[in-house]
Amino acid sequence: MKRGHDVRRLLRWYPSSWRARYGEEFLSLLEDRLGGSSLTFRFRLSVAIAGLRERCNGAGVVGTRSSLSTQRRTGALMVLIAWSIMVVGGAGLAKTAEHFAMAMPVRSRFVAHFAYSTTAVAGIVGTLLVAGGVLVATPGFVRLLRARHGSALRGRFAWPLVASVVLIIATVGLSSWAHSLNVAQRNGGDHLYSGAFLTYALLVVVTLGLWTRAGVTIARKIDFTERALRWESWLAVGVSLASVAVIGSTALWWIQMGLHAPWFLQGTATGTATSPWSAQLVVIVLVMALATATALWGASRVALTYLPTRWSARLEAR
């Protein structure tokens, strides 16, 4: 009896539409495969992987079984999620690189300045493209509200709004506190302030995540016109290219700092011989790399839908 219940629970890995159509037949197949043996971890894992693969296929994350519009929408939303992750990495870089030019020899600043400025410009361009995507989605959002979904959608904004209010209050409080401290205290000298700043950074990430989740949920409900979806698709491709520019210029900035001012990366005295490797920068670049990989995958999902069928089939087969 218990094993039958455990086998049925494995169906949760599959999407609801798939369960409604194939669920009972699949349960019989699982029971036949198990015979008299017990459920092993390997068996559970194989079912889970297959279920997640089916979810990804249905959502348009992989494969070509879903409609072109689903693949385009999903690809664009993947890029939106990726850019939210990139913003977190970019904020970390901005804090890490604060006043970096003062630590560098004058003759070696140009390339580092160029790289950092490129990162900033690419970040601004990517954010503007995301804002453009929001504008394109606005008419569809208005239609969604008029279709008497307003009460259901209000609940999606409750937690993001609460988090935003808390973030504003925390920003004012932390800013006032920072003005009463000197540079050394703001950069690790005051452990209480450092702990508060880490909590504030976590609050920023949570708030951004809540707004992104709400945006993705609503975007899935919007009935985009073909023209609007095309605009969203190409804006998503533009954001993915901005992501590439961000991580590329960040890597160049890191190389220049490692060559000419490694002491800045380690927070030691100017001229100190030290390693160019910084744990903080490693984490930041890994976050950016994750964001870029996700954005490129989403953009590729979009781009494949605009290729001739024969070309896209060949690319999917590789």
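Residues numbered from 1 in each chain as written. Predicted model: local features only at pLDDT ≥ 70, side-chain atom pairs only at ≥ 80, totals over all residues. Heavy atoms only, no water.

(A) The arrangement of the overall build of the chain in detail. A count of helical and extended segments in the chain gives 11 helices and zero strands. Dimensions of the chain, computed from the C-alpha atoms along their principal axes, are close to 70 × 50 × 45 Å. Scored against the burial criterion, the 318 residues of the chain give a buried share of 36%. In the chain, the share of contacts with a sequence separation of at least 24, taken over all contacts with a separation of at least 6, comes to 71%. Looking at the chain as shown, the accessible area adds up to about 19000 Å², and 67% of this sits on carbon and sulfur atoms. Charged side chains in the chain number 33 positive and 12 negative. The centres of these two groups are separated by 5 Å. (Helix = DSSP H or I, 4+ residues; strand = E, 2+ residues; numbered from the N terminus. Buried < 20%, exposed > 50% of the residue type's maximum accessible area, 1.4 Å probe, protein only. Contact = heavy atoms within 4.5 Å. Areas by Shrake-Rupley, 256 points an atom, 1.4 Å probe, with all protein chains shown as cover. Lys, Arg positive; Asp, Glu negative; His and termini not counted. Charge placed at Lys NZ, Arg CZ, Asp CG, Glu CD.)

(B) Local environment of the layout of surface pockets. By volume, the second largest pocket amounts to about 790 Å³. Elements with a contribution of two residues or more to the lining of the second largest pocket: helix H4 (68-96), helix H5 (109-179), helix H7 (191-221) and helix H8 (226-260). Sorting elements by how many residues they give to the lining of the second largest pocket places H5 first, with 10 residues. (1 Å grid on protein atoms, 1.4 Å probe; cavity = no way out; pocket = protein on both sides within 12 Å on 5 of 7 lines; lining within 4 Å. Points joined across faces, edges and corners; volume = space filled by probe spheres on them.)

(C) Summary view of the nonpolar core. Formed by 29 residues in total, the largest nonpolar core has its most connected members in Phe100, Trp253, Met257, Phe264, Leu265 and Leu281. Listing elements by their share of this core, those giving two or more residues are H4, H5, H8, helix H9 (262-266) and helix H10 (279-305). Of the residues forming this core, the biggest block, seven residues, is contributed by H8. The residues contacting Leu265, other than those within four sequence positions of it, are Trp253, Trp254, Met257, Gly258, Pro276, Ser278 and Leu281. Core analysis: the second largest hydrophobic core is formed by 12 residues, Val7, Phe26, Leu39 and Phe43 among them. (Core = buried A, V, L, I, M, F, W, Y, C linked by side-chain atoms within 4.5 Å.)

(D) Quick look at unusual backbone geometry. For His99, which is not a glycine, the phi torsion comes out positive at approximately 60 degrees. Relative to the assigned elements, His99 resides in the loop between H4 and H5. According to the relative accessible area criterion, His99 is exposed, its value standing at 56%.

(E) Molecular detail of the side chain of Thr292. Along the chain, the position of Thr292 falls in helix H10. The residues contacting Thr292, other than those within four sequence positions of it, are Met86, Ser243, Val244 and Ile247.

(F) Layout of the packing of aromatic side chains. One pass over the full model with this rule turns up 14 aromatic pairs. A ring pair is formed by Phe100 and Tyr116, whose centres lie 5.3 Å apart and whose planes are at 55 degrees; its orientation type is tilted. In this pair, Phe100 is assigned in the loop between H4 and H5 and Tyr116 in helix H5, connecting sequence segments 16 residues apart. Among the residues examined, Phe100 registers a relative accessible area of 5% and is labelled buried. Taking 6.4 Å as the distance between ring centres and 40 degrees as the angle between the ring planes, the aromatic pair formed by Phe197 and Tyr200 counts as tilted. Here Phe197 and its partner Tyr200 are both found in helix H7, three residues apart, which amounts to about one turn of the helix. Judged by relative accessible area, which is 27%, Phe197 ranks as partly exposed. In textbook terms, an aromatic cluster arises when at least three aromatic residues are bridged by ring pairs, as seen for Tyr14, Trp18, Tyr22 and Phe26. (Phe/Tyr/Trp six-rings, centres within 6.5 Å; stacked < 30°, edge-to-face > 60°.)

(G) Expanded view of the side chain of Thr119. Turning to its location among the elements, Thr119 is positioned in helix H5. Classification of Thr119 as buried rests on a relative accessible area of 10%. Other than its neighbours up to four places away in sequence, Thr119 contacts Leu93, Val246, Ser249 and Thr250.

(H) Focus on the pattern of salt bridges. Within this structure, the stated rule accounts for four salt bridges. A salt bridge links Glu54 to Arg65, with the nearest nitrogen and oxygen atoms 3.4 Å apart. With Glu54 in helix H3 (residues 41-59) and Arg65 in the loop between H3 and H4, the pair connects residues that are 11 residues apart, well separated along the chain. Look at Glu54 and you get buried, because its relative accessible area is 17%. Exposure remark for Arg65: the relative accessible area of 58% places this residue in the exposed category. Among the salt bridges present, the one from Arg230 reaches Glu226, with a minimum N-O distance of 3.3 Å. In this pair, Arg230 and Glu226 both sit in helix H8, four residues apart, roughly one turn of the helix. (Salt bridge = Lys/Arg side-chain N within 4 Å of Asp/Glu carboxyl O.)

(I) Looking closely at the packing of helix H2 (residues 16-34) against H3. The geometry of H2 relative to H3 is characterised by a closest axis approach of 13 Å and an angle of 160 degrees between their N-to-C directions. With respect to each other, H2 and H3 are oriented roughly antiparallel. Our pair here, H2 against H3, has a crossing hand that is right-handed. Facing Trp18, Arg19, Phe26, Leu30, Arg33 and Leu34 of H2, the residues of H3 in contact are Phe43, Val47, Glu54 and Arg55. Across the contact of H2 with H3, the residue classes tally to six nonpolar, no polar and four charged. (Axes fitted to C-alpha atoms, helices over the stretch in contact; angles between N-to-C directions. Parallel < 35°, antiparallel > 145°, perpendicular 65-115°, else oblique. Left-handed = near helix turned anticlockwise from the far one by under 90°. Nonpolar A, V, L, I, M, F, W, Y, C, P; charged D, E, K, R; others polar.)

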